[in-house]
Amino acid sequence: MEFNFRKRNIALKISYDGTNYNGFQRQNPPNVAVQNILEERLAKIFGEEISMIGSGRTDAGVHAIGQVVNFFTDGRIAVEKIPYAASGALPPDIVVVDAWEAEKDFSALHSAKSKIYIYKIQRGKILNPFMKNFAWHIRFDLDVEIMQAALNLIVGTFDFSAFKATSCTNMNPIRTIYAAEIFPESEEILTIKIHASGFLYHMARNIVAAVVEVGRHRLTLENFQKIFESGERKLFPATAPAHGLYLYKVFY
């Protein structure tokens, strides 16, 4: 069914805890994704079927602080009331943070210029139970300085084939990373922040996994760069766990 004939194009900024969902993108039962819940519950607010577009797919267990979606509607609710109305309709692990009326040609997916993902690592010998779904627990010592040196090597426009999933169907592996940094968010939590023109499937998590190997001194900077330049995904370590990753911000 086509929905873009409707009068209004509504954009929303969404935050969610992805722990209980099979990713963002709509799924068939019995799987439940964030998009399933949003479309079902917002339909009750707007009084009509909702079909939304997200700025990007996030995998099962991945979280979002700044996911953006848009959808067309004839519903008349004022945009400033949407976050409050949504709070009463949505489960507590999905929140509408902001709402605005977008131009008719705005697409949360196709209008995006760049994105920031962040990844959280919990340091320490003992798992913090309050972070078990929100950070990758690493018991080993990490050399943060050399991890930053590895991140510096991927800033720029490159072929990121070495960091894409083997199942990635995107034919163009060229992306631009504008900034990549690692910093202590607290004594316990390290955060890796990557701002890029776009991300290939599993690219952010694969970068994190490789950088952690450098931080553990199990992969040298020289070998990190050689594998990156080779484009051979199989030479890098397994993908970092989903639950440490957050879609942080989308730029338009």
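Residues numbered from 1 in each chain as written. Predicted model: local features only at pLDDT ≥ 70, side-chain atom pairs only at ≥ 80, totals over all residues. Heavy atoms only, no water.

**Q** An account of the overall build of the protein is requested, with residue identities and associated values reported.
**A** Scanning the protein for helices and strands turns up five helices and 10 strands. In terms of overall dimensions, the protein is globule-like: its C-alpha atoms have a radius of gyration of 19 Å, near the 18 Å expected for 252 residues. Summarising its shape, the C-alpha atoms of the protein cover approximately 60 × 40 × 30 Å along the three principal directions. Within the span of the protein, comprising 252 residues, buried residues form 52% of the whole. A separation threshold of at least 6 residues defines the contact pool for the protein, and within that pool the share at least 24 residues apart is 73%. Accessible area for the protein stands at about 12,500 Å²; split by element, carbon and sulfur atoms hold 52% of it. (Helix = DSSP H or I, 4+ residues; strand = E, 2+ residues; numbered from the N terminus. Rg over C-alpha atoms; globule rule 2.2 N^0.38 Å. Buried < 20%, exposed > 50% of the residue type's maximum accessible area, 1.4 Å probe, protein only. Contact = heavy atoms within 4.5 Å. Areas by Shrake-Rupley, 256 points an atom, 1.4 Å probe, with all protein chains shown as cover.)

**Q** Can you lay out the packing of aromatic side chains for me, pointing to particular residues and giving the numbers?
**A** Counted by the stated rule, this structure contains 13 aromatic pairs. Look at phenylalanine 46 and phenylalanine 71: their rings are 5.2 Å apart centre to centre, the planes differ by 80°, and that puts the pair in the edge-to-face class. Of this pair, phenylalanine 46 sits in helix H1 (residues 34-46) while phenylalanine 71 sits in strand S3 (residues 63-73), placing them 25 residues apart in sequence. Classification of phenylalanine 46 by relative accessible area gives buried; the value is 7%. Between the aromatic rings of phenylalanine 163 and phenylalanine 228, the centroid separation amounts to 5.5 Å while the plane-to-plane angle is 40°, which identifies the pairing as tilted. Residue phenylalanine 163 is located in the loop between strand S7 (156-159) and strand S8 (174-184), and its partner phenylalanine 228 is located in helix H5 (residues 221-230); the two are separated by 65 residues in the primary sequence. Both residues of the pair, phenylalanine 163 and phenylalanine 228, count as buried. A cation over a ring is seen here: arginine 57 above tyrosine 201, with NZ or CZ 4.7 Å from the ring centre. Directly above the aromatic system of tyrosine 246 lies the positively charged group of lysine 120, at a separation of 5.6 Å from the ring centroid. (Phe/Tyr/Trp six-rings, centres within 6.5 Å; stacked < 30°, edge-to-face > 60°. Lys NZ or Arg CZ within 6 Å of the ring centre and 35° of its normal.)

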